[in-house]
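Each chain is listed here by its residues.
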Amino acid sequence: MKKLDYLDELEAEAIYILREVAGQFDKPALLFSGGKDSICLVHLALKAFRPGKFPFPLVHVDTGHNSPEVIEFRDNLVERLGEKLIARQVEDTIKVRKLQDGKGKFPSRNALQTYTLLDVIEEFEFDACIGGARRDEEKARAKERIFSVRDEFGQWDPKKQRPELWNIYNGKVDKGENVRVFPISNWTELDVWNYIKRENIELPSIYFTHERECVLTDAGQLMANNEFLSLDETDVIVTRKVRYRTVGDMTCTAAIESEAYTVDEIIAELKDSKISERGATRMDDRISEAAMEDRKKGGYF
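Rules of the game
- Each chain carries its own residue numbering, running from 1 in the written order of its sequence.
- Confidence filtering applies because this is a predicted model: local features only for residues at pLDDT of at least 70, side-chain atom pairs given and counted only at 80 or more, and all residues used for totals across whole chains, interfaces and linings.
- With hydrogens and water stripped out, all remaining heavy atoms of the structure feed into the side-chain values.
- By the criteria applied, helices consist of DSSP H or I runs no shorter than four residues and strands consist of E runs no shorter than two, each listed in order from the N terminus.
- Whether two residues are in contact is decided by their heavy atoms, any of which lying within 4.5 Å being enough.
- Note on areas: these come from Shrake-Rupley sampling with a 1.4 Å probe, and a residue is covered only by the protein chains present in the view.
- Each reported salt bridge corresponds to a side-chain nitrogen of Lys or Arg within 4 Å of a carboxyl oxygen of Asp or Glu.
- With a 1.4 Å probe rolled over the protein chains alone, any residue whose accessible area is under 20% of its type maximum counts as buried; one over 50% counts as exposed, and the rest are partly exposed.
- Two strands form a pair only when DSSP identifies at least two bridges running between them.
- Axis lines are fitted to C-alpha atoms, over the contacting stretch for helices. Their N-to-C directions set the angle, which ranges from 0 to 180 degrees.

**Some remarks on the overall build of the chain**
When helices and strands are tallied, the chain shows nine helices and 10 strands. Here the analysis covers contacts within the chain between residues at least 6 apart in sequence; of these, 73% occur between residues at least 24 apart. For the chain, the accessible area works out to roughly 14,500 Å², and carbon and sulfur atoms hold 50% of it.

**Some remarks on the pattern of salt bridges**
Going through the model one piece at a time under the given rule, you end up with 23 salt bridges. Among the salt bridges present, the one from Lys 27 reaches Glu 125, with a minimum N-O distance of 3.1 Å. Of this pair, Lys 27 sits in the loop between helix 1 (6-24) and strand 1 (28-31) while Glu 125 sits in the loop between helix 5 (113-124) and strand 4 (128-130), placing them 98 residues apart in sequence. For Arg 109, the salt bridge goes to Glu 91, with nearest N and O atoms at 2.6 Å. Of this pair, Arg 109 sits in the loop between helix 4 (90-97) and helix 5 while Glu 91 sits in helix 4; the two residues are 18 residues apart in sequence, bridging distant segments of the chain. Classification of Glu 91 as partly exposed rests on a relative accessible area of 33%. Each of Asp 5, Asp 8, Glu 11, Lys 47, Arg 198 and Glu 199 takes part in one network of salt bridges that share partners.

**Things to note about the pairing of strand 9 (residues 236-243)**
By the bridge criterion, seven bridges tie strand 7 (residues 210-216) to strand 9 in an arrangement that is antiparallel. Pairing of Glu 213 across the sheet is with Thr 239, part of strand 9. The pairing of strand 9 with strand 10 (residues 254-257) spans two bridges and is classified as antiparallel. Bridge assignment links Arg 243 to a residue of strand 10, and that residue is Ile 256.

**Notes on the sheet that holds strand 10**
Read once around its circumference, the closed barrel built from four strands follows the order 7-8-10-9, with strand pairing classed as antiparallel. Here the strands of the sheet are splayed against their neighbours by 60° on average, with no regard to which way each runs.

Without other data, these values stay purely geometric and don't point to any function.
Below, the structure is given as structure tokens:
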């Protein structure tokens, strides 16, 4: 009998969780960003449910500030799989709710995603939303359970998390409440890349080294030069070989200088890295030490 390695065990756990979602909830959804973690979730869902259809749609909350490569990849993937995609625009939420759009040189809409997400949950009455968050991403992520309950206002209270003993997950919710589910919560960034290598999973091109025109920030970060930035004549524009460790708004997600053209080279690069992917590249997480936790308490992913 073949001995399971650690990737087999992580995969089996994630598939088990996805099947628990299908069995316990009436209207689940898979939150899909077009990033590597949510792409891995789609791959795991294929293993969990094929040859049948997914028991949930893919839901993308589109800020309008996404990289074109990611949107193109999303559309091609959905068409190839024949699964349902529900896309909702933050731009529409801003207009309907009369919200104030992001300001400043790097006007992020990440905080505004929460309103669009809560609206789409209410529109389709989703009782579970599957996400690709991992505990090594950011401090607040580590406080989550696998099944993380949100109240009727979509809010998260880290002090009211349910115990999860012996892989028993309690999906019971009252009307209006929902659960965020994190099947790869026990994975690390390196685990994800090792799994991508083993399973030969296709990814958007921005994850691999390419030349890109970037704005060099005062902190030394490299932000893709794009139409949404408010630049002036003092800004320094450079062309560098870069790649992205995480997918997010072009206005708040920095690239890193890299010579990693292949998955093997990315894995080797990560083994030498001392900074988490969000800590290295997400400007909106630097607002305060509790920036992510505050957004999550308000209903963020």
